[in-house]
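One letter stands for each residue in the lines below.
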Amino acid sequence: MNDSTTTLDHPVADDALTRPFPGASPYDAYVHASVLNSLQQPLTEAPDEMGFLVTTQVMELWFTLIVHEWRTARVAFAKDDLPAAMDALTRSRRALTALCGAWTPIAALTPAQFNGFRAAFGQASGFQSAMYRHMEFLLGDKNAGLLHAHSGDRAVHEALGETYRETSLYDEVLAHLHRQGRPVPAHVRERDVTRPYSSDPGVVETWRQIYAGPQHHPHLALGELLTDIAELVARWRYEHVAVVRRAMGAKPGSAGSSGLAWLERRAARPVFPELWEARGAV
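Just so you know, these numbers come straight off a predicted model, no measurement behind them.

1. A look at the side chain of Arg 237
Piece 1. Mapping Arg 237 onto the fold places it in helix 12 (residues 218–248).
Piece 2. Exposure remark for Arg 237: the relative accessible area of 6% places this residue in the buried category.
Piece 3. Within polar-contact distance, the side chain of Arg 237 engages the backbone oxygen of Arg 269 at 3.1 Å.
Piece 4. Those residues within four positions of Arg 237 in sequence are excluded, and the remaining contacts are Tyr 132, Glu 136, Asp 141, Arg 266, Ala 267, Arg 269 and Val 271.

Below is the structure:
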């Protein structure tokens, strides 16, 4: 027999751990866990619906963090504070990695499992996410029609409209590079920022010069960090396509979109396109 005892055999040394809270615990008052844990309200008895709800809600939280970090980086670039901008982008890269992993609980839904609760959410669809739209607008993927779709909710529409009218994260990156002596064309710097960003040969040349230059230059490190972010966004989009293809095939989307075909078109849109094109010219 082993006569040794464990900490479980002794009373807790610090009675602060067992002292009743006067109301909500300080943890709950700060994190609002009780609020978060009350938001999962399945509408069916399907066993997979809870996982679908939690997965979707967790993604919304990651969207919120990523938007926060990209806005922080955008402000830092406008101030030519490259270290602060890089720190924010690095934090967003970690959040994007977690976002990609968030698909796991629902990644293997079969059509029958998905059909067990699909009808319950009616016209709801992931492309209606306002926070994800903030993400896309910050990446320079502006779309007036998708902004208009939120016009029925004044607060959401106004907030999203601000992001739509403001410079994107990439706009501020290019403006910063120009102020640091890089040859970013004037027509790119002065463009209508409410238009979708598209690749420009002059910007490709800017990145080509950076990548052909000193391999430990801060601007090359910036390019690689932006490439990481672009790759993670593309990976998340691809995972979305894969989940939908597996769960429902080519059926129309719940909100009337073409479903899989629409997602595939969106997934094919490159993020920070010149960063990819410049590599072939180095």
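The discussion continues.
2. Describing the nonpolar core
Piece 1. Ranked by size, the top nonpolar core spans 61 residues in total, and within it Trp 70, Leu 89, Trp 207 and Phe 272 carry the most contacts.
Piece 2. The set of elements that each furnish at least two residues to this core consists of helix 3 (49–78), helix 4 (82–101), helix 5 (111–118), helix 6 (130–138), helix 9 (169–179), helix 11 (201–212), helix 12 and helix 13 (260–267).
Piece 3. With 14 residues, helix 12 is the single largest residue contributor to this core.
Piece 4. The residues contacting Trp 70, other than those within four sequence positions of it, are Leu 89, Ser 92, Leu 96, Met 135, Leu 138, Leu 139, Leu 169, Ile 229 and Val 233.

3. Topic: the packing of helix 11 against helix 12
Piece 1. Contact geometry of helix 11 with helix 12 gives a least axis separation of 8 Å together with a crossing angle of 115°. Crossing handedness for the pair helix 11 and helix 12: left-handed. When helix 11 is examined against helix 12, the residues Trp 207, Ile 210 and Tyr 211 are found in contact with a partner set consisting of His 219, Leu 220, Gly 223, Glu 224, Leu 226 and Thr 227.
Piece 2. Counted by class, the contact of helix 11 with helix 12 contains 5 nonpolar, 3 polar and 1 charged residues.

4. Digging into a nonpolar patch on the surface
Piece 1. A cluster of nonpolar side chains, Tyr 27, Tyr 30, Val 31, Val 35, Leu 36, Leu 39 and Leu 61, forms an exposed patch at the surface whose accessible area comes to about 730 Å².
Piece 2. Broken down by secondary-structure element, the contributors of at least two residues to the nonpolar patch are helix 1 (26–31) and helix 2 (33–36).
Piece 3. The greatest single-element share of the nonpolar patch, amounting to 3 residues, is contributed by helix 1.
Piece 4. Take Tyr 27: it is sitting in helix 1.

What counts and what doesn't
Residues numbered from 1 in each chain as written. Predicted model: local features only at pLDDT ≥ 70, side-chain atom pairs only at ≥ 80, totals over all residues. Heavy atoms only, no water. Helix = DSSP H or I, 4+ residues; strand = E, 2+ residues; numbered from the N terminus. Buried < 20%, exposed > 50% of the residue type's maximum accessible area, 1.4 Å probe, protein only. Polar contact = N/O pair within 3.5 Å; in protein donor to acceptor, adjacent residues only side chain to side chain. Contact = heavy atoms within 4.5 Å. Core = buried A, V, L, I, M, F, W, Y, C linked by side-chain atoms within 4.5 Å. Axes fitted to C-alpha atoms, helices over the stretch in contact; angles between N-to-C directions. Left-handed = near helix turned anticlockwise from the far one by under 90°. Nonpolar A, V, L, I, M, F, W, Y, C, P; charged D, E, K, R; others polar. Patch = residues over 30% accessible without salt bridge, like charges linked within 9 Å, V, L, I, M, F, W, Y side chains within 5 Å. Areas by Shrake-Rupley, 256 points an atom, 1.4 Å probe, with all protein chains shown as cover. Salt bridge = Lys/Arg side-chain N within 4 Å of Asp/Glu carboxyl O.

Any functional reading would require information beyond the geometric quantities listed.
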